[in-house]
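Examination of the molecular architecture
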Amino acid sequence: MSEGNQTALARTANEELWGRLKQLVLDSVSSAHSKRAYDQALESFRVWCAQSGPPGFTKATVQAWRTAQETVGLAASSINVRLSALKKLAAEAADNGFLPPETAAAIARVKGAKRHGVRAGNWLTLDQAERLLDLPDGKTLKGKRDRALLALLVGCGVRREELAALEIEAIQQRDGRWCLVDLAGKGNRIRTVPMPAWAKTAVDEWLAAAGFQNGPLLGAVNKGGRLVRQGLGAQAVYEVVNFYGEKIGAAIAPHDVRRTFAKLAHKGRAPLEQIQLSLGHASIQTTERYLGVRQDLNDAPCDHLGIRIASGERTKNSRQ
């Protein structure tokens, strides 16, 4: 590939070439969430190259882009996701004869942004989780739908994409209990997730009201309380969680509710490996990092310092 073609790829002057390569990258990932993230990453890189990037799609260009992302304060995890998209772009360009293999290999060696420590994340307490589940109005169609939605997030720890794609046929009995059977998660890992009885009750009440027999579990309900269609998108799941979260004074997203499931299960002494299986993590180390089990916030080092300080007023008087 000539230097002129490399420059065209980096500055995306060739719209047809860019479209072809971008589609190849998006087709290489199965998760809808990953597709959106990669699409945004590639378009962001495209704009940056057109405005201020150095000529040529090279290791130096990608390193300069990574530095620019760090300069604006983008989180290390976000930078690394975007970097993965660029590395896939380089690989696809090389495989299709638009980039020298040695250039693609050099881009693949660009180091990701360093992340120090583990983010604590966000989750609900037991009291907050119970309040969240009690908020939807069980007398309305939308309330029944929302209660079933929240119950599956809190009670099963599923991802919002998994919940949006969940079909009624996946709810089956195994060993005498109701489960979400053969749920396809990240990396197309298949798992079966047990359901608590109260979640199954919420689902049954919703299905009885909606009249669904098969197909997508959830459905869209308009402002007038009428069922619009069967099926609900991942963004709609996010909006439902955010709406009820605000009502209990918690700024939460579906992933925070998933973490709540894991935290409450761990606090209730559920075996770590069983939590891992329900969450669909590839390794138990991922679950440990997810839970932050190495750090005990309830029995922290600061609780053992032995220091006792009176209230501000008493302390002031004692000094006099």
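That block above? That's the structure.
Below, the structure is looked at part by part.

**Things to note about the overall build of the protein chain**
In terms of regular secondary structure, the protein chain is built from 15 helices and five strands. Per-residue burial for the protein chain yields a buried fraction of 42% across its 320 residues. Across the protein chain, the fraction of contacts at a sequence separation of at least 24, relative to all contacts at a separation of at least 6, is 57%. Here the protein chain has roughly 17900 Å² of accessible surface; of this, 49% comes from carbon and sulfur atoms.

**A look at helix α5 (residues 76-95)**
Owing to its 3.6 residues per turn, the α-helix brings residues three or four apart onto one side. In a regular helix each residue adds 1.5 Å, so 20 residues correspond to 28 Å; α5 covers 28 Å between its end C-alpha atoms and thus fits that length. For α5, the complete set of buried residues consists of Ala76, Ile79, Leu83, Ala85, Leu86, Leu89, Ala90, Glu92, Ala93 and Ala94. Backbone geometry just after α5 places glycine 97 at a positive phi near 80°.

**Digging into the side chain of glutamate 92**
Relative to the helices and strands, glutamate 92 is located in helix α5. Although buried, glutamate 92 forms no salt bridge, and the nearest oppositely charged side chain, lysine 88, lies 6.6 Å from it. Once residues within four sequence positions are removed from consideration, glutamate 92 is found in contact with Leu21, Leu24, Val25 and Ser28.

**Section: the packing of helix α2 (residues 15-27) against helix α3 (residues 32-51)**
A pair of packed helices is captured by two measures, namely the crossing angle of their axes and the spacing between those axes. Orientation of α2 relative to α3, taken along the N-to-C sense of each, is 150°, at an axis distance of 9 Å. Classified by the angle their axes make, α2 and α3 are roughly antiparallel. The interaxial crossing formed by α2 with α3 has right-handed handedness. Contacts between α2 and α3 involve Glu15, Trp18, Lys22, Val25, Leu26 and Asp27 from the former and Lys35, Tyr38, Asp39, Leu42, Glu43 and Arg46 from the latter. Here the contact of α2 with α3 is composed, by residue class, of five nonpolar, no polar and seven charged.

**Details of the pattern of salt bridges**
The full count for this structure, using the stated rule, is 12 salt bridges. Of the charged contacts, one joins aspartate 146 and lysine 142 as a salt bridge, the two residues approaching to 2.6 Å between their closest N and O atoms. Remark: lysine 142 and aspartate 146 occur in helix α8 (residues 141-156); sequence separation between them is four residues, near one turn of the helix. For aspartate 146, a relative accessible area of 0% translates into the label buried. Where glutamate 161 meets arginine 160, a salt bridge forms, and the shortest distance between an N and an O atom there is 3.8 Å. Connected via shared salt-bridge partners are Lys22, Asp39, Glu43 and Arg46.

**Comments concerning a nonpolar patch on the surface**
Taken together, the side chains of Leu305, Ile307 and Ile309 define a hydrophobic patch exposed on the protein surface, amounting to about 370 Å² of accessible area. As for its position among the elements, isoleucine 309 is in the loop between α14 (284-291) and α15 (312-319). Assessed through its relative accessible area of 71%, isoleucine 309 is described here as exposed.

**Digging into the packing of aromatic side chains**
Per the stated rule, a full pass over the model turns up five aromatic pairs. Both rings, one in tryptophan 206 and one in phenylalanine 212, keep their centres 5.7 Å apart while their planes meet at 85°; by these two values the pair is edge-to-face. Overall, the relative accessible area of 0% leaves tryptophan 206 in the buried class. Since its relative accessible area comes to 11%, phenylalanine 212 is described here as buried.

**Quick look at the packing of helix α12 (residues 254-267) against helix α13 (residues 272-279)**
Interhelical geometry of α12 versus α13 gives an angle of 160° and a closest axis separation of 10 Å. Between α12 and α13, the crossing angle belongs to the class labelled roughly antiparallel. Two packed elements cross with a definite hand, and for α12 against α13 that hand is right-handed. Across the interface between the two elements, Arg258, Phe261, Ala262, Ala265 and His266 from α12 touch Leu272, Ile275, Ser278 and Leu279 from α13. Partitioning the contact of α12 with α13 into residue classes produces six nonpolar, two polar and one charged.

**Thoughts on the sheet that holds strand β2 (residues 177-184)**
Pairing is antiparallel across the open sheet formed by three strands, whose spatial order is β1-β2-β3. Whereas interior strands pair on both sides, the edge strands pair on one side only; in this sheet they are β1 (171-174) and β3 (190-194). Taken pair by pair, the neighbouring strands of this sheet meet at an average axis angle of 40°, ignoring direction. Where β2 and β3 come together, four bridges link them in antiparallel fashion. In the strand pairing of β3, alanine 184 is matched with isoleucine 190.

**Considerations on α12**
Taking 1.5 Å as the rise per residue, α12 with 14 residues should run 20 Å; its terminal C-alpha atoms sit 20 Å apart, in good agreement. Burial within α12 is extensive, with 10 of its 14 residues counted as buried. All of the buried residues along α12 are Pro254, Asp256, Val257, Arg258, Arg259, Thr260, Phe261, Ala262, Lys263 and Ala265. Phi turns positive one or two residues past the end of α12, at arginine 269, with a value near 70°.

Quick notes on the rules
Residues numbered from 1 in each chain as written. Predicted model: local features only at pLDDT ≥ 70, side-chain atom pairs only at ≥ 80, totals over all residues. Heavy atoms only, no water. Helix = DSSP H or I, 4+ residues; strand = E, 2+ residues; numbered from the N terminus. Buried < 20%, exposed > 50% of the residue type's maximum accessible area, 1.4 Å probe, protein only. Contact = heavy atoms within 4.5 Å. Areas by Shrake-Rupley, 256 points an atom, 1.4 Å probe, with all protein chains shown as cover. Expected span 1.5 Å × (residues − 1). Lys, Arg positive; Asp, Glu negative; His and termini not counted. Salt bridge = Lys/Arg side-chain N within 4 Å of Asp/Glu carboxyl O. Axes fitted to C-alpha atoms, helices over the stretch in contact; angles between N-to-C directions. Parallel < 35°, antiparallel > 145°, perpendicular 65-115°, else oblique. Left-handed = near helix turned anticlockwise from the far one by under 90°. Nonpolar A, V, L, I, M, F, W, Y, C, P; charged D, E, K, R; others polar. Patch = residues over 30% accessible without salt bridge, like charges linked within 9 Å, V, L, I, M, F, W, Y side chains within 5 Å. Phe/Tyr/Trp six-rings, centres within 6.5 Å; stacked < 30°, edge-to-face > 60°. Pairing = 2+ DSSP bridges.

These values are about where atoms sit, not about what they do.
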